[in-house]
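Close look at the chain arrangement
Okay, here's what each chain looks like letter by letter:
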Amino acid sequence: MQNFIYNIPTIVYFGKGQIEAIGEIAKKTGKKALLIYGGGSIKANGIYDDVVRLLGQEGIPFAELSGVEPNPKISLVREGVKICREEGVDMLIPIGGGSVIDTAKAIAGAVSYDGDPWDVVCDASLIKDPLPIIVVLTIAATGSEMDYAAVISNAETKDKVELDHEGLIPKYAIMDPTYTQTVSHYQTIAGIADIMSHVFEQYFLECGDTYLQDQFMEAILRTVMKYGKIAAEHPDDYDARANLMWAQSWAINGMVSCGKSGAWVCHPIEHEISGFYDVTHGLALAIITPNWMRKILDDTIVNEFVSYGVNVLGIDPDQDPFAIAREAIDKTEDYFHELGIPARLRDIGVPDESCFEIMAKKALGNINGAYNPLTVEDIVDILKASF
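Reference entry: report on the structure contained in this document. Being a predicted model, the structure only gives us computed values, none of them experimental.

Definitions and cut-offs
Residues numbered from 1 in each chain as written. Predicted model: local features only at pLDDT ≥ 70, side-chain atom pairs only at ≥ 80, totals over all residues. Heavy atoms only, no water. Helix = DSSP H or I, 4+ residues; strand = E, 2+ residues; numbered from the N terminus. Contact = heavy atoms within 4.5 Å. Pairing = 2+ DSSP bridges. Axes fitted to C-alpha atoms, helices over the stretch in contact; angles between N-to-C directions. Parallel < 35°, antiparallel > 145°, perpendicular 65-115°, else oblique. Left-handed = near helix turned anticlockwise from the far one by under 90°. Buried < 20%, exposed > 50% of the residue type's maximum accessible area, 1.4 Å probe, protein only.

**Brief notes about the environment of Phe62**
Take Phe62: it is sitting in strand E3 (residues 62-65). Separated by 251 residues in the primary sequence, Phe62 and Leu313 have C-alpha atoms spaced 48 Å apart. If we skip the residues at most four places from it in the chain, Phe62 touches Lys32, Ala33, Leu35, Tyr48, Val52 and Leu55.

Next comes the structure, spelled out in structure tokens:
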């Protein structure tokens, strides 16, 4: 097991009705807020009205930034930075999922920087005195409410870059599972795939004896696979939504990677796919993940696949290890299909294979140090097998 330092400073308010605390939280965090959100869904389901009412009760003024899209754009980050400076904003309240939270993180880090916010996205060392963030979570997917990462896209350069800085970890997270009951089937299944990918990226590593971490990850995967199906079929099921919401936080808040860390692979590859074609992150991950698994399967990692197959998927352990591993990969792919996730990249908006080599070269620059090293040719093979 590797050495590690672990700290989660986020204070979580979990459960029905926890939004009632937001006025009190905001009052002790700052003097003026910027509400950040996507489209009209939070106004249609009443979440926006609750936040506005509760801030008003505490006399907290606020500005607004709407229009956050999936694969959040640097253009909106620039707009948010401008609003913060002009309005004297000193705290951010993103209401939504990962894209909204990531937008808030980038704004928080860029406000005190005099240059282009894209510089900060590309170089986190430029961040000084980031603004505090209070998350109101509305979807189970990225786990961005309890981690230090944000992923921002630049439509002009077709780059999608991960920004990492401990100062961007939200101070508070309000997590009410009822808020996720109105999330569409499409967004729900994309979120499930994203959560599972977060675990896979950390599980399929060899870092010595990491029994406890592996047990945690297997439990998260079993939870997500069980309750993911229930939530997809019965969106109003509170327990399913609650289990998914809590599992997605622990999949990526750093706990399971304590003593077991290494370069992620599928996420950098997918960042190129959505950077070029603006496709849905979770769906693309679900499509490429089984093909990545097939590519890395060898003698050095087969035991991890056996453990996953036996402990998570219930595969008969009395078989050849490679037979178990291949069955586990097939069952993973089948699970994604059962949720309703398309089988091919062409089905979600990737038009052809013309950019695969360019994408592979860019992705490789972000996965140096992976346990099972890949070449440009390997990544192209994964993309082609997924197309």
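**Some details on the sheet that holds strand E1 (residues 11-14)**
Spatial strand order, E1-E8-E5-E4-E2-E3: six strands in an open sheet with parallel pairing. In the strand order of this sheet, the two ends are held by E1 and E3, each with one partner. Taken over all neighbouring pairs, the strand axes of this sheet differ in orientation by 15 degrees on average, direction set aside. Bridge count between strand E5 (residues 134-137) and strand E8 (residues 172-175): four bridges; the pairing is parallel. Among the inter-strand pairings, Leu137 is bridged to a residue of E8, identified as Met175. Contacts between helix H5 (residues 98-110) and the sheet are confined to strand E2 (33-36), E3, strand E4 (91-96) and E5, with E4 contributing the most and set at about 165 degrees to the helix.

**Concerning the packing of helix H7 (residues 185-203) against helix H9 (residues 238-250)**
Look at H7 against H9: their axes get within 10 Å of each other, and the N-to-C directions meet at 40 degrees. By the angle between their axes, H7 is oblique relative to H9. Seen along the crossing, H7 lies across H9 with a hand that is left-handed. Taken together, the residues of H9 that come into contact with H7 (itself represented by Thr188, Ile192 and Ile195) are Arg241, Leu244, Ala247 and Gln248.

**What about the environment of Asp318?**
Residue position: Asp318 is located in the loop between helix H12 (302-311) and helix H13 (321-339). Along the sequence, Asp318 and Val224 sit 94 residues apart, while their C-alpha atoms lie 26 Å from each other.

**Focus: the pairing of E8**
Neither face of E8 is open: one carries Tyr172 and Ile174, the other Ala173 and Met175, and all of them are buried. Judged from the four bridges that link them, E1 and E8 form a sheet pairing that is parallel. Paired with Tyr13 across the two strands is Ile174, which belongs to E8.

**A word on the environment of Tyr227**
Mapped onto the elements of the fold, Tyr227 is located in helix H8 (residues 211-233). Counting along the chain gives 73 residues from Tyr227 to Thr300, while the straight-line C-alpha distance between them is 32 Å. Look past the residues within four positions of Tyr227 in its chain and what remains in contact with it is Asp239, Ala240, Asn243 and Leu244.

Keep in mind these numbers describe shape, not what the thing actually does.
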